[in-house]
There are 2 protein chains.
Amino acid sequence: MKERDHVNKQEIVEEAKEMMKVFLMEAKQYIEASFEKELWIETKSSRNDLVTEVDQYIEALFTRYLKQYFPSHRIFGEENAEHKVESLEGAVWIIDPIDGTLNFVEQKRDFAISIALYMDGIGEYGIVYDVEKDDLYVGEKGKGATLNGREIRKVSDRRGVADSLLIANLSAVNLYPKLKEAIRVSRGLRLYGAASLEFMAVATERAGAYLAANLAPWDVAASKIIAEELGCIVSRLSGEEIDMLEKGTSVVALPKVYQELQNLYLKK
Amino acid sequence: MKERDHVNKQEIVEEAKEMMKVFLMEAKQYIEASFEKELWIETKSSRNDLVTEVDQYIEALFTRYLKQYFPSHRIFGEENAEHKVESLEGAVWIIDPIDGTLNFVEQKRDFAISIALYMDGIGEYGIVYDVEKDDLYVGEKGKGATLNGREIRKVSDRRGVADSLLIANLSAVNLYPKLKEAIRVSRGLRLYGAASLEFMAVATERAGAYLAANLAPWDVAASKIIAEELGCIVSRLSGEEIDMLEKGTSVVALPKVYQELQNLYLKK
């Protein structure tokens, strides 16, 4: 166990990157091995809200790494952890060990590990790891974002709804029925079932927007950092800022798509 | 140019497999190279019905291979070819050079080459090639189906709607509004935007059903062979058989899901 005294954010982020390398390698191996066996699966709040031994193992594994590298940092995660983080003071890690658990169970694809570091409420470092594709998205406050080590270019500010594919949960469409019209004028609807990867589709301009009705902080914490670094706009569907301690609606969009959605399709 | 006299179906299919190996390798190289340059793109029947130089090149390339290997066979394709095939007598190849052209253009993923051989109206051999994932699905009448050379296991006959993800176009839901209820009781909705890959999601049991309102023969010709070999049921949404010379609705589903859809959700 190493006790380290980090004097500044930059040092912490550099150390975090080292930790992430070894953690993600071990996580990927474990997940791939899990494909070969029967999983223990439980339901949580509803019959489609699942948790598996893999979600729990990955979060516990990350917690072990964190205790070794950053013993003083707090952790705010989907599965075990200290679910009841009530403030974002200091250094807080927000983790979804398997975002898209249903996809993980049913499809063995389209799921991701999502981890963010917030310091005094500000997202400093976030990763989204698409395990099956072996695609690692990394964002660092003020420094842009990379995919597998290559810089991702900023999104277009000229593309509107009519030039874009949209990703939207039906429950978002039910909340804001005008979204049906947005879908109609867009290039079409897509739906993948893992929030962090749907954020990444927008961040890499494969879609113009992703709209969701009910996401938890760990569903968006890392993705928001990455998407904002690339010039996307992220907020509640109402336009309000996202409070990282609360569940709620969420939209990520290219800037012009965002304006069109707010002006035309996200008014009640 | 080799002129060959094939005495039976089996010989033709074996020869077709050889042709496919070289054709797909060349097609993949061309497609990957196309990612590096600006594409020439045109719209067809509507602003979201696209054709690119890649669609046209791949179909022309396949036509060249076919003329070399099977000069007497006819071809029925999305782009150029002999669009007006009016009967399925003899040996007819049905090709969609790029299924999911919008995904190809916007996402550089989730598109496929889809090719089927029908002999006297019967689907004898079909391939769906997910180019970006390098996943090749092959079905052969009476002999099962493979993914990258490994046999795919038959789908479950015990899984119903409640245990399955569903894939459905909104236009299918508009035609049969009771499908909203099917989606509600299912494990959730997904939508990927390439019919052949959505068929393959069901064929490999990553989803319970795929429902679409308006597909062309080249969207389903190969997928239907593969899905049926694995025990899936394929028909029009109404339950009628698909006529491979006509556009129309389409459903592919696991057997129990299919029965539930027909009994409960696909009645007008």
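What you see is a predicted model; the values in this text were computed from it and never measured. (Residues numbered from 1 in each chain as written. Chains lettered and ligands numbered in written order. Predicted model: local features only at pLDDT ≥ 70, side-chain atom pairs only at ≥ 80, totals over all residues. Heavy atoms only, no water.)

A.B. asks: Explain empty space enclosed by the protein to me, and be specific about the residues and the numbers.
C.D. replies: Using a probe with the size of a water molecule, rolled over the atoms, empty space left in the structure can be pinpointed. Scanning the model with the defined rule gives two cavities of 30 Å³ or more in all. Quantified by volume, the largest cavity comes out at close to 360 Å³. Lining the largest cavity are 22 residues, and of these Arg-109, Asp-110 and Tyr-192 of chain A together with Asp-110 and Tyr-192 of chain B lie nearest its centre. For the lining of the largest cavity, the class distribution of residues is nine nonpolar, two polar and 11 charged. Considering only enclosed or pocket space, the second largest cavity measures out at about 30 Å³ in volume. Taken together, Leu-215, Ala-216, Pro-217, Val-220, Arg-236, Ile-242, Asp-243, Met-244, Glu-246, Gly-248 and Ser-250 of chain A form the lining of the second largest cavity. For the lining of the second largest cavity, the secondary-structure elements that each account for two or more residues are helix H7 (217–229) and strand S14 (248–253) of chain A. Across the lining of the second largest cavity, the residue classes break down as six nonpolar, two polar and three charged. (1 Å grid on protein atoms, 1.4 Å probe; cavity = no way out; pocket = protein on both sides within 12 Å on 5 of 7 lines; lining within 4 Å. Points joined across faces, edges and corners; volume = space filled by probe spheres on them. Nonpolar A, V, L, I, M, F, W, Y, C, P; charged D, E, K, R; others polar. Helix = DSSP H or I, 4+ residues; strand = E, 2+ residues; numbered from the N terminus.)

A.B. asks: Give a description of helix H7 (residues 217–229) of chain B that names residues and reports values.
C.D. replies: Residues and elements named next belong to chain B. Counted at 1.5 Å a residue, the expected span for H7 with its 13 residues is 18 Å, and the 18 Å between its end C-alpha atoms agrees. Along H7, the sharpest change in direction is near 30° and occurs at Ser-223. Burial of H7 is extensive: 12 of the 13 residues sit out of reach of the surface. Listed as buried for H7 are Pro-217, Trp-218, Asp-219, Val-220, Ala-221, Ala-222, Ser-223, Lys-224, Ile-225, Ile-226, Ala-227 and Glu-229. Of the residues flanking the end of H7, it is Gly-231, one or two places downstream, whose phi is positive at about 95°. (Expected span 1.5 Å × (residues − 1). Bend = angle between axes of the 7 residues up to and from the residue. Buried < 20%, exposed > 50% of the residue type's maximum accessible area, 1.4 Å probe, protein only.)

A.B. asks: How would you summarise the interface of chain B and chain A if you had to cite specific residues and measurements?
C.D. replies: In this complex, chain B contributes 29 residues to the contact, which on the side of chain A involves 29 residues. Considering only the side of chain B, the residues that lose the most area to chain A are Glu-106, Arg-187 and Arg-206 of chain B, jointly responsible for 25% of the buried surface there. Linking chain B to chain A there are eight salt bridges. Run the count over chain B and chain A and you get 15 residue pairs in polar contact (both at pLDDT 80 or more). (Contact = heavy atoms within 4.5 Å. Buried area = accessible area lost by both parts, 1.4 Å probe. Salt bridge = Lys/Arg side-chain N within 4 Å of Asp/Glu carboxyl O. Polar contact = N/O pair within 3.5 Å; in protein donor to acceptor, adjacent residues only side chain to side chain.)

A.B. asks: Let's hear about the packing of aromatic side chains: which residues, and what values?
C.D. replies: Residues and elements named next belong to chain A. Applying the stated criterion across every chain, the model contains 25 aromatic pairs over all chains. Seen from their ring centres, Phe-35 and Phe-111 are 6.2 Å apart, and the 85° between their planes marks the pair as edge-to-face. Taken as a pair, Phe-35 in the loop between helix H1 (9–34) and strand S1 (41–43) and Phe-111 in the loop between helix H3 (101–107) and strand S5 (112–119) lie far apart in primary sequence, 76 residues in all. Taken together, Phe-23, Phe-62, Tyr-65, Tyr-69, Phe-70, Trp-93 and Tyr-125 form an aromatic cluster joined through their ring pairs. (Phe/Tyr/Trp six-rings, centres within 6.5 Å; stacked < 30°, edge-to-face > 60°.)

A.B. asks: Could you give an account of the packing of helix H1 (residues 9–34) of chain B against helix H2 (residues 53–69) of chain B, naming the residues involved and the relevant values?
C.D. replies: Residues and elements named next belong to chain B. Where H1 meets H2, the axes come as close as 10 Å, and the angle between the chain directions of the two elements is 155°. In this view, H1 runs roughly antiparallel relative to H2, as classed from their interaxial angle. In the crossing of H1 with H2, the sense of the turn from one axis to the other is right-handed. On H2, the residues that touch Glu-15, Glu-18, Met-19, Met-20, Val-22, Phe-23, Glu-26, Ala-27, Tyr-30, Ile-31 and Ser-34 of H1 are Glu-53, Val-54, Tyr-57, Ile-58, Leu-61, Phe-62, Arg-64, Tyr-65, Leu-66 and Tyr-69. Class assignment of the residues belonging to the contact of H1 with H2 gives a composition of 15 nonpolar, one polar and five charged. (Axes fitted to C-alpha atoms, helices over the stretch in contact; angles between N-to-C directions. Parallel < 35°, antiparallel > 145°, perpendicular 65-115°, else oblique. Left-handed = near helix turned anticlockwise from the far one by under 90°.)

A.B. asks: Give me the lowdown on the relation of the copies chain B and chain A, citing residues and values where you can.
C.D. replies: Note on the copies: chain B fits chain A at an RMSD of 0.0 Å, the axial shift is 0.0 Å, and the rotation between them is 180°. Put plainly, the chains are arranged around a two-fold axis. Using C-alpha coordinates, one finds that chain B approaches the rotation axis most closely at Leu-191 of chain B, a distance of 2.4 Å. A shared interface surface links the copies, since 100% of the contact residues of chain B are contact residues in chain A too. (Least-squares fit on C-alpha atoms with pLDDT ≥ 70 in both.)

A.B. asks: Go over the nonpolar core with me, naming the residues and quoting the values.
C.D. replies: Counting 130 residues, the largest nonpolar core has Leu-179, Leu-211 and Leu-261 of chain A together with Leu-179, Leu-211 and Leu-261 of chain B as the members making the most contacts within it. Other than its neighbours up to four places away in sequence, Leu-179 of chain B contacts Ala-172, Val-173, Leu-211, Leu-261, Tyr-265 and Leu-266 of chain B. Core analysis: the next-biggest nonpolar cluster, separate from the first, contains 37 residues, Met-20, Ile-115, Met-119 and Tyr-125 of chain B among them. (Core = buried A, V, L, I, M, F, W, Y, C linked by side-chain atoms within 4.5 Å.)

A.B. asks: How would you sum up the side chain of Ser-235 of chain B? Please name residues and give values.
C.D. replies: One can find Ser-235 of chain B in strand S13 (residues 233–235). Polar contacts involving the side chain of Ser-235 of chain B include one to the side chain of Tyr-258 of chain B, which spans 2.6 Å.

A.B. asks: So what's going on with helix H8 (residues 255–265) of chain B? Residues and values would help.
C.D. replies: Residues and elements named next belong to chain B. Those residues of H8 lying buried are Val-257, Tyr-258, Leu-261, Gln-262 and Tyr-265. On an axial view of H8, the arc spanned by its buried residues comes to 130°, and they lie on one face. Among the structural elements, helix H5 (179–185), strand S12 (209–215), S13 and strand S14 (248–253) are those in contact with the buried residues of H8. (Arc of directions from axis to C-beta.)

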